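Structural features, examined
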Amino acid sequence: MTDITYVTEADFQEEVISSTLPVLVDFTATWCQPCKMIDPIVKQLAGEWDGKVKVVKLDADQNPNLMMQYGVMGIPTLMLFKGGEVKERLTGFQPRKNWLRKSPRTYSIKLMKGK
């Protein structure tokens, strides 16, 4: 599985907002059991989307300003950013098929085409 890097408030602008690739941000915490449950799904998506979508994690406890800025009220929360804007959002544990249904390969293709 793919290793995923963590972003912080210090590098969020550069790594997520200014990224030329779409970015999937996994808002997570080490104590969060549902976060641990979706971790393999997030890693699998990172591998499948390698070179097309950047996948990063953000520790909720260490980055409270970003949590407030993006209205994250529960974790895990996955947000897909493109061009610095949130395009998709999924909160709570959900099976992989639900994420793919919400952002299927066709959505990934739309991301690549700039839609």
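A brief structural summary. (Residues numbered from 1 in each chain as written. Predicted model: local features only at pLDDT ≥ 70, side-chain atom pairs only at ≥ 80, totals over all residues. Heavy atoms only, no water.)

**Topic: the nonpolar core**
Residues F12, V16, V25, I75 and F81 are the most contacted members of the largest nonpolar core, which totals 20 residues. Mapped by element, the contributors of at least two residues to this core are α1 (12-17), β2 (23-28), β3 (54-59), α3 (64-69) and β4 (77-82). In contact with I75, other than residues within four places in its own chain, are F27, T28, A29, W31, C32, C35, A60 and M67. Counting 13 residues, the second largest nonpolar core, distinct from the first, contains I4, L45, A46 and L80. (Core = buried A, V, L, I, M, F, W, Y, C linked by side-chain atoms within 4.5 Å. Buried < 20%, exposed > 50% of the residue type's maximum accessible area, 1.4 Å probe, protein only. Helix = DSSP H or I, 4+ residues; strand = E, 2+ residues; numbered from the N terminus. Contact = heavy atoms within 4.5 Å.)

**Comments concerning the pairing of β4**
In regular strands, side chains alternate between the two faces of the sheet. Where burial is concerned, most of β4 is hidden: 6 out of the 6 residues are buried. Two elements, β2 and β4, share 5 bridges in a ladder whose sense is antiparallel. Bridged to L24 within β4 is L80. Examined bridge by bridge, β4 and strand β5 (residues 85-91) share 6 bridges and lie antiparallel to one another. When the bridges of β5 are listed, F81 appears paired with V86. Counted along the chain from β4 to the antiparallel partner β5, the turn is 2 residues long, and its residue G83 has a positive phi close to 60 degrees. (Pairing = 2+ DSSP bridges.)

Distances and angles like these do not, on their own, reveal function.
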